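Observations on the three-dimensional arrangement
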Amino acid sequence: MRLSLFLVSAAAALASPLHRGTAKLSPVTRNWTSLMVDGKAWRAVGPNVYWLGLDENVTPPEGEPFYAPTRASYPTKERITEMMATVQALGGTMIRGHTIGISVGNPLSVWPEPGVVNERAFEPIDWAVYQAGVYGIRLLVPLIDNYDYYHGGKYNFLRWGGFDLNQQRDENNPLVQQFYTNATIVATFKDYIKTIITHRNQYTNLTFAEDPTIFAYETGNELLGPVWGDMNSPADWVQDIAKYVKSLAPQKLVVDGTYGVNKTHLSIEEVDIFSDHMYPVDTAKLQNDIKLVEAAGKPFFAGEYDWVGGTTANLQSMFKIIEESPAAIGDTFWSQFGHNAPDCTTYVDHSDGLTLQYGNPKNTANQNSRIQLIRKHFIAMSQGREIAPDEALPAVPCPAPTSPSVR
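Thresholds applied
- Residues numbered from 1 in each chain as written.
- Predicted model: local features only at pLDDT ≥ 70, side-chain atom pairs only at ≥ 80, totals over all residues.
- Heavy atoms only, no water.
- Axes fitted to C-alpha atoms, helices over the stretch in contact; angles between N-to-C directions.
- Helix = DSSP H or I, 4+ residues; strand = E, 2+ residues; numbered from the N terminus.
- Parallel < 35°, antiparallel > 145°, perpendicular 65-115°, else oblique.
- Left-handed = near helix turned anticlockwise from the far one by under 90°.
- Contact = heavy atoms within 4.5 Å.
- Nonpolar A, V, L, I, M, F, W, Y, C, P; charged D, E, K, R; others polar.
- Core = buried A, V, L, I, M, F, W, Y, C linked by side-chain atoms within 4.5 Å.
- Buried < 20%, exposed > 50% of the residue type's maximum accessible area, 1.4 Å probe, protein only.
- Pairing = 2+ DSSP bridges.
- Salt bridge = Lys/Arg side-chain N within 4 Å of Asp/Glu carboxyl O.
- Polar contact = N/O pair within 3.5 Å; in protein donor to acceptor, adjacent residues only side chain to side chain.
- 1 Å grid on protein atoms, 1.4 Å probe; cavity = no way out; pocket = protein on both sides within 12 Å on 5 of 7 lines; lining within 4 Å.
- Points joined across faces, edges and corners; volume = space filled by probe spheres on them.

Contact pair helix 8 (residues 183–197) / helix 9 (residues 235–248): the axes reach a minimum separation of 10 Å and the direction vectors enclose 30°. As far as their axial angle goes, helix 9 and helix 8 are roughly parallel. Along this stretch, helix 8 crosses helix 9, giving a crossing that reads as right-handed. Counted together, V186, F189, K190, I193, K194 and I197 of helix 8 and W237, D240, I241, Y244, V245 and L248 of helix 9 form the full contact between these two elements. Split into classes, the residues belonging to the contact of helix 8 with helix 9 amount to 9 nonpolar, no polar and 3 charged.

Right, let's talk about the nonpolar core for a bit. L52, F189 and Y305 are the most contacted members of the largest nonpolar core, which totals 103 residues. A total of 9 residues in this core trace back to one element, the largest contributor, which is helix 4 (residues 122–135). Leaving out residues up to four positions away in the same chain, F189 has contacts with L143, I144, F157, F179, T219, W237 and I241. Judged by nonpolar contacts, the second largest core, of 14 residues, contains V37, F215, V255 and I273.

A word on the sheet that holds strand 2 (residues 34–37). In spatial order, the strands read 1-2-3; together these 3 strands make up an open sheet with antiparallel pairing. Two strands bound the open sheet, and with one partner strand each, they are strand 1 (29–31) and strand 3 (40–41). The pairing of strand 1 with strand 2 spans 3 bridges and is antiparallel. Bridge pairing in strand 2 links N31 to S34.

This part takes up the environment of A302. Secondary-structure assignment places A302 in strand 12 (residues 300–305). For A302, a relative accessible area of 0% puts it in the buried group. Here the alpha-carbon distance between A302 and F274, two residues 28 residues apart in the chain, equals 8.7 Å. Residues in contact with A302, not counting those within four places in the same chain, are D276, M318, I322, G330, D331 and T332.

Attention now goes to the pairing of strand 4 (residues 44–47). Alternating residues of strand 4 divide into A44 and G46 and V45 and P47, and every residue in both groups is buried. Note: strand 4 against strand 13 (residues 328–333), 4 bridges, orientation parallel. Note that in strand 13 the partner of V45 across the bridge is D331.

With that settled, the discussion passes to the pattern of salt bridges. One pass over the structure, following the stated rule, counts 15 salt bridges. Between D240 and K190 there is a salt bridge, with the nearest N and O atoms lying 2.9 Å from each other. A residue pair is termed long-range when its members are at least 10 positions apart, and D240 in helix 9 and K190 in helix 8 qualify at 50 residues. Linking E324 and K320 is a salt bridge whose minimum nitrogen-to-oxygen distance equals 2.9 Å. Of this pair, E324 and K320 are both found in helix 11 (residues 312–324), 4 residues apart, which corresponds to roughly one turn of the helix.

This brings us to the environment of N363. With respect to the secondary-structure elements, N363 resides in the loop between strand 17 (356–357) and helix 12 (365–383). You can call N363 buried: its relative accessible area is 12%. Beyond its immediate sequence surroundings of up to four residues, N363 is in contact with Q357, N368 and I371. A polar contact of 3.2 Å, which involves the side chain of N363, links it to the side chain of N368.

Turning our eyes to something else, we now look at empty space enclosed by the protein. Scanning all chains against the criterion turns up 2 cavities of 30 Å³ or more. In this model, the largest cavity occupies a volume close to 70 Å³. Around the largest cavity sit N146, Y147, K154, Y155, Q167, E171, N172, L224, G225, P226, V227 and W228, which together line it. Its residues assigned to classes, the lining of the largest cavity comprises 6 nonpolar, 4 polar and 2 charged. Estimates place the volume of the second largest cavity at around 60 Å³. If you trace the second largest cavity, you find it lined by P27, V28, E210, P212, I214, F215, Q251 and K252.

See below:
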């Protein structure tokens, strides 16, 4: 009976808009190479959860929005809420959420076409931002993708700008640089950024610019030029976009979304954080990145890494470097999924071999030991305390409560 009552109350909460009105989280600020909240150092640790605003992994029930060519659909509120509860259980403080900010080019997107706003697309995004705030989880939001994936990216803007390009055929075409250099395309991208940042959340009555739950915007995900590894997102473009974001949202931090630490960007005043991705985990590269960024008086963030490949000792070394470096503010592993809630009997999978499914009874012993190691690292970063590497993982209910009793 108690379970039945819980399910009814959870369903009612999920069905009705909740107007929180005022934000409970304080803004994150930068002090030289550190991030601060209420005058105390704050570390950014958690998962990448790229699907919070738009998914590609679940075929929804008949009648629900679904774009078959890219398998795009909206995630359920139950799936979104479970992510927040799971990140909290892991000791995380934040999520890097691609589709909270990247949503262009298909009928389910925020921008199906240039300047056309699909308000329905904001429903899961609003819920994700609201639930993150309720759980005390902050968000880092990329604004565009380097690739031609289901949720859209720079190739959509190139095509809208009159360049018939796609990633599969034109990844190495010098014309891809038009995304950064063509004045019309840049202006269109800025219009899209304004749509995202000035949007008012139906559950909080705050714009995304006002809501401190979103602590940072990233200029993009793994931005490059026409040659893999060239880090060629031009410095003047990075500065222009960072300055524009801060004009709309002065309290937000800005992350350089270039794939790698581009030395020519380190002097850009408007960029607060530099990052890199680790495939595979490379501790020598990590240490070099941190050293470069620290010398410029900025913090370093490991935005993605392979949590399940390589040796456990190498992953432990990466965590130790980040924990001990005053200029390394944190990291987010790639990537997290949960139950196909409200179906709490199955898990959602992704095909890249890097899916972390918290609590899945089908996890291997190696997967569970890595998850425990991640939790140990997150708690060391977020709470400043040590736990045993084999400490049992706390249970997370499915469906998770929309208003947790503790944060």
